[in-house]
Amino acid sequence: MRECTLSIVKPDGVANNLIGEVIRRVEAKNIKVIAAKMILMTKEQAKGFYAVHEGKPFFESVTDFMSSGPCMVMVLEGEDAISIYRELMGATNKDNAKEGTIRRDFATDIEKNVVHGSDSTETAEFEIRYFFNSLEIQKR
């Protein structure tokens, strides 16, 4: 099924010049980047994005981290884009991620794990709308 997903290259990935590498790996899986922009989230914007995790032990640290530097947000489109991108990212904890995944290759810990990706079509809809308006997305 053709679908869209949100990708974020997190502040650690941007700081370590991994934007191009993430895009290279995405495109190698025949997934298209149909929207992209560099952003700098405020703490409040990060809290809004991660609102589903409010009250969890990691909420403050993840929102601090995500507002600590620039992020590259992208809308990806392709056949089974959500599952393909999640497989490409690897497990949240790099120690559990498969060889050759982005997180296994580049993450430093469970929070500084380079990338974020939507986990379902419903989540993708919310996350894409959080960062992009319809004029910014070039659907094919």
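Residues numbered from 1 in each chain as written. Predicted model: local features only at pLDDT ≥ 70, side-chain atom pairs only at ≥ 80, totals over all residues. Heavy atoms only, no water.

> With reference to specific residues and values, describe helix H5 (residues 81-89).
Three or more residues of H5 are buried, namely Ala81, Ile82, Tyr85, Leu88 and Met89. One side of H5 carries all its buried residues, which in axial view fall inside an arc of 130°. In this structure, the buried residues of H5 make contact with strand S1 (2-9), helix H2 (19-28), strand S3 (71-79), helix H6 (102-106), strand S4 (115-117) and helix H7 (121-131). The positive-phi residue at the C-terminal boundary of H5 is Gly90, with phi of around 90°. (Buried < 20%, exposed > 50% of the residue type's maximum accessible area, 1.4 Å probe, protein only. Helix = DSSP H or I, 4+ residues; strand = E, 2+ residues; numbered from the N terminus. Arc of directions from axis to C-beta. Contact = heavy atoms within 4.5 Å.)

> Can you lay out the sheet that holds S4 for me, pointing to particular residues and giving the numbers?
With antiparallel pairing, the four strands of this open sheet are ordered in space as S2-S3-S1-S4. Where the open sheet ends on each side, the last strands, each with one partner, are strand S2 (32-39) and S4. Taking each pair of neighbouring strands and ignoring which way they run, the sheet shows an average axis angle of 20°. Against the sheet, H2 engages S1, S2, S3 and S4, with an angle of about 5° to S3. Of the strands in this sheet, S1, S2, S3 and S4 are in contact with H7, which crosses S1 at around 55°. (Pairing = 2+ DSSP bridges. Axes fitted to C-alpha atoms, helices over the stretch in contact; angles between N-to-C directions.)

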